Amino acid sequence: AQSVTQLDSQVPVFEEAPVELRCNYSSSVSVYLFWYVQYPNQGLQLLLKYLSGSTLVKGINGFEAEFNKSQTSFHLRKPSVHISDTAEYFCAVSALYNQGGKLIFGQGTELSVKP
Amino acid sequence: KAGVTQTPRYLIKTRGQQVTLSCSPISGHRSVSWYQQTPGQGLQFLFEYFSETQRNKGNFPGRFSGRQFSNSRSEMNVSTLELGDSALYLCASSTGLAPYEQYFGPGTRLTVT
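Residues numbered from 1 in each chain as written. Chains lettered and ligands numbered in written order. Predicted model: local features only at pLDDT ≥ 70, side-chain atom pairs only at ≥ 80, totals over all residues. Heavy atoms only, no water.

Student: Is there a simple way to think about the overall build of chain B in this case?
Tutor: Helix and strand counts for chain B stand at zero helices and 11 strands. Put simply, chain B runs from its N terminus to its C terminus through helices and strands in the order β-β-β-β-β-β-β-β-β-β-β. Against the globule reference of 13 Å for 113 residues, chain B gives a C-alpha radius of gyration of 13 Å, in line with a compact fold. Dimensions along the principal axes, computed over C-alpha positions, put chain B at roughly 40 × 25 × 25 Å. (Helix = DSSP H or I, 4+ residues; strand = E, 2+ residues; numbered from the N terminus. Rg over C-alpha atoms; globule rule 2.2 N^0.38 Å.)

Below, the structure is given as structure tokens:
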């Protein structure tokens, strides 16, 4: 079975500052890793994914994440945030041999960008 | 390419009633997964349908059921509604093949009174 822990439930940050949203996962098998963003009253939008290969992955809106197998982490980063980045962010995993679409989500991190 | 659509967007039901939610996946996608989102439990996987067959199932009671049609559209049904079923129900569409990258619809907000 897999589990995901997002270490911060809320992250307040000032505009143009860098931000890191932390995600750790637990799994006995290899996994695919994803970050999603949810704006108020909307569904989830895929930000980026790690499937294999380079451990640094780049996504939309200037976000990037680094997969660290030894620490079982997949932290999301952005060098300079904007007010429009205010949203809830979810880390998710899917087992490599799941034979289907079953995502296990973390509890979410609420990013609040202040002017 | 059109995204995932869900209908209705909002729904108010009374305890004990049943409800059906609908999801139309991205054209060409053969898999639809359903998730329940609540403030207390977060995002939880309900089930996945691929080519009209349930391929994966989460840990929800039998009151939650679903089906998929030959055009890949999917419906989710909840019978004998309980107050705790109030949630945002999200469906996600994928090709159904690894890495099972999922694209989400806007959700249906169900309120049970």
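Student: What am I meant to see in the packing of aromatic side chains here?
Tutor: Any pair of aromatic rings gets described here by the distance separating the centres and the angle formed by the planes. Overall, the coordinates contain 13 aromatic pairs over all chains when judged by the stated rule. Measuring from ring centre to ring centre gives 6.3 Å for Phe34 of chain A and Tyr36 of chain A, while their planes differ by 35 degrees; the resulting arrangement is tilted. Using a relative accessible area of 0% as the deciding quantity, one classes Phe34 of chain A as buried. Through a chain of ring-to-ring contacts, three or more aromatic side chains come together here, namely Phe34, Tyr36, Phe90 and Phe105 of chain A together with Tyr35, Phe45 and Phe104 of chain B. In this arrangement the basic side chain of Arg55 of chain B is found over the ring face of Phe50 of chain B, its NZ or CZ atom lying 4.2 Å from the centre. (Phe/Tyr/Trp six-rings, centres within 6.5 Å; stacked < 30°, edge-to-face > 60°. Buried < 20%, exposed > 50% of the residue type's maximum accessible area, 1.4 Å probe, protein only. Lys NZ or Arg CZ within 6 Å of the ring centre and 35° of its normal.)

Student: Which parts of the structure should I look at to understand the nonpolar core?
Tutor: Counting 27 residues, the largest nonpolar core has Leu33, Trp35, Leu47, Leu48, Phe74, Leu76 and Tyr89 of chain A as the members making the most contacts within it. In terms of nonpolar packing, the next biggest core, distinct from the first, is built from 21 residues, Cys23, Val78, Cys91 and Leu110 of chain B among them. (Core = buried A, V, L, I, M, F, W, Y, C linked by side-chain atoms within 4.5 Å.)

Student: Could you clarify how one ought to interpret the environment of Ser9 of chain A in this entry?
Tutor: Residues and elements named next belong to chain A. Tracing the backbone through its elements, the reader meets Ser9 in the loop between β1 (3-6) and β2 (10-14). In this structure the C-alpha to C-alpha distance between Ser9 and Gly106, which are 97 residues apart in sequence, comes to 10.0 Å. Ignoring sequence-local partners within four residues, the contact set of Ser9 consists of Gly108, Thr109 and Glu110. (Contact = heavy atoms within 4.5 Å.)

Student: What am I meant to see in the sheet that holds strand β7 (residues 64-68) of chain B here?
Tutor: Two pairing modes exist for strands in a sheet, parallel and antiparallel, and in both the strands are linked by backbone hydrogen bonds. Residue and element names in this part refer to chain B. Spatially, four strands are ordered β1-β3-β8-β7 in an open sheet, and the strand pairing comes out antiparallel. Here the strands that pair on one side only, and so sit at the sheet edges, are β1 (5-7) and β7. Pairs of neighbouring strands in the sheet enclose a mean axial angle of 20 degrees, with direction left out of account. Inspection of the sheet shows strand β3 (residues 19-24) paired to strand β8 (residues 74-78) by five bridges, in the antiparallel sense. Across the sheet, the residue bridging to Leu21 is Met76, located in β8. (Pairing = 2+ DSSP bridges. Axes fitted to C-alpha atoms, helices over the stretch in contact; angles between N-to-C directions.)

Student: Please clarify how the interface of chain B and chain A should be interpreted in this entry.
Tutor: Interfaces are often described in size by the accessible area the parts lose on coming together. The interface is formed by 24 residues belonging to chain B together with 22 residues belonging to chain A. Interface of chain B and chain A: buried area, both sides summed, is about 1800 Å²; carbon and sulfur atoms make up 54% of it. Contact with chain A buries surface across chain B, with Leu43, Tyr100 and Phe104 of chain B losing the most and accounting together for 30% of the total. Note that Glu101 of chain B is salt-bridged to Lys49 of chain A, the shortest N-O span being 2.8 Å. (Buried area = accessible area lost by both parts, 1.4 Å probe. Salt bridge = Lys/Arg side-chain N within 4 Å of Asp/Glu carboxyl O.)

Student: Explanation requested: the state of the cysteines in the structure shown.
Tutor: Covalently bonding the sulfur atom of one cysteine to the sulfur atom of another cysteine gives a disulfide. By the definition in use, this model includes two disulfides over all chains. One disulfide in the model links Cys23 of chain A with Cys91 of chain A; its S-S distance is 2.0 Å. Residues Cys23 of chain A and Cys91 of chain A share a disulfide whose torsion about the S-S bond is about -65 degrees; that sign makes it left-handed. One end of the pair, Cys23 of chain A, is in strand β4 (residues 23-26); the other, Cys91 of chain A, is in strand β10 (residues 87-95), with 68 residues separating them in the sequence. For Cys23 of chain A, a relative accessible area of 0% corresponds to the buried category. A relative accessible area of 0% places Cys91 of chain A in the buried class. Shown here is the disulfide that connects Cys23 of chain B with Cys91 of chain B, its sulfur atoms set 1.8 Å apart. Across the S-S bond of Cys23 of chain B and Cys91 of chain B the torsion is about 55 degrees, and the bridge reads as right-handed. A residue pair is termed long-range when its members are at least 10 positions apart, and Cys23 of chain B in strand β3 and Cys91 of chain B in strand β9 (residues 87-94) qualify at 68 residues. Note on accessibility: Cys23 of chain B and Cys91 of chain B belong to one class, buried. (Disulfide = S-S within 2.5 Å.)

Student: Please clarify how the pairing of strand β4 (residues 31-38) of chain B should be interpreted in this entry.
Tutor: Within a regular strand, side chains alternate between the sheet's two faces. All names here are of chain B. Burial analysis of β4 places eight of its eight residues in the buried class, which makes it a mostly covered element. Side chains Ser31, Ser33, Tyr35 and Gln37 project from β4 onto one buried face, and the interleaved Val32, Trp34, Gln36 and Thr38 project onto a second face that is buried too. In terms of strand pairing, β4 meets strand β5 (residues 42-50) through eight bridges, oriented antiparallel. What sits directly across from Gln37, in β5, is Leu43. Between β4 and β5, which pair antiparallel one after the other, the connecting turn spans three residues.

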